[in-house]
Amino acid sequence: MKISQRTAFAIAIGLGAFALVGGTGLTVSSAWLITMASAHPPILLLGVSIVLVRFFGIFRSIARYGERVISHEAIFRRLTTLRVGLFQSFSRQLSSKSGEISERTKALVDDVERAQEFHLRVSLPGISAAIAGFITVGIALWINPIIAIFPLSTYLILAIFIPWAVRKYLDPISVEIE
């Protein structure tokens, strides 16, 4: 059963967000376990947190693996279709000039590779991180609105301020380098 590229990309985004949430759960539950274990309580008191550490460790790994498999499959299928279409277009237009074909083909391959890197390294992790950030802030609000201040402020800095600063100050440099 083949699923559409959009559906596969949406599933990959969801699995990426689950992996990030699982990483947060692993960090929180392991920190609680270490903190509580330092007081030398009865082992039964630590049992739930031990199980949570195991659960979040396995959950994060499975979600990350699924996200990688599905996202790479969807992106490679999409890029194969793009490459075939572009090469057919080039072969019709430039059938007589073989030197020009090889130069344009090299540029085309580089552009398609950049498209792959953009989806796998920029858009998918960014969307997954945004979803995981909303989930983390929502859980913090559910537990206690006061403790939601730290994740919310961190989220705003990491999701809004830093990307804005990178775009404003580093994009002109990267365009100049290109």
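Scroll up a little and you will see the structure.
The sections below set out a description of the structure shown in this document. (Residues numbered from 1 in each chain as written. Predicted model: local features only at pLDDT ≥ 70, side-chain atom pairs only at ≥ 80, totals over all residues. Heavy atoms only, no water.)

**Looking at the packing of aromatic side chains**
The tally for this structure, following the rule as stated, stands at 6 aromatic pairs. For the ring pair F55 and F59, a centre distance of 5.5 Å and an interplane angle of 20° mean the geometry is stacked. Taken together, the residues span about one helical turn, with F55 and F59 both in helix α2 (residues 43-93) at a distance of 4 residues. Overall, F59 belongs to the partly exposed group, its relative accessible area being 29%. Ring-pair connections join several aromatic residues into one group, and the members of that group are F18, F55, F56 and F59. (Phe/Tyr/Trp six-rings, centres within 6.5 Å; stacked < 30°, edge-to-face > 60°. Helix = DSSP H or I, 4+ residues; strand = E, 2+ residues; numbered from the N terminus. Buried < 20%, exposed > 50% of the residue type's maximum accessible area, 1.4 Å probe, protein only.)

**Points about the nonpolar core**
One finds F9, A12, I13, I75, L79, F90, L108, V112, L120 and L124 forming the largest nonpolar core, which totals 10 residues. Mapped onto this core, the elements with two or more residues apiece are α1 (5-37), α2 and α3 (98-143). When residues in this core are grouped by element, the largest group, 4 residues, is from α3. Those residues within four positions of L124 in sequence are excluded, and the remaining contacts are F9, A12, I13, E67, S71 and H119. (Core = buried A, V, L, I, M, F, W, Y, C linked by side-chain atoms within 4.5 Å. Contact = heavy atoms within 4.5 Å.)

**A closer look at unusual backbone geometry**
Most peptide bonds are trans, and most residues other than glycine sit at a negative phi. Of note, H40 is a non-glycine position whose phi angle comes to about 55°, a positive value. Mapped onto the fold, H40 is located in the loop between α1 and α2. The exposed category is assigned to H40, whose relative accessible area is 70%.

**Details of a nonpolar patch on the surface**
A contiguous nonpolar surface patch, about 1,000 Å² in accessible area, is contributed by I157, L158, F161, I162, W164, V166, Y169, L170, I173 and I177. Those elements that provide at least two residues to the nonpolar patch are α4 (149-169) and α5 (171-177). In terms of residue count, the dominant contributor to the nonpolar patch is α4 (7 residues). Within the secondary structure, F161 is located in helix α4. (Patch = residues over 30% accessible without salt bridge, like charges linked within 9 Å, V, L, I, M, F, W, Y side chains within 5 Å. Areas by Shrake-Rupley, 256 points an atom, 1.4 Å probe, with all protein chains shown as cover. Salt bridge = Lys/Arg side-chain N within 4 Å of Asp/Glu carboxyl O.)

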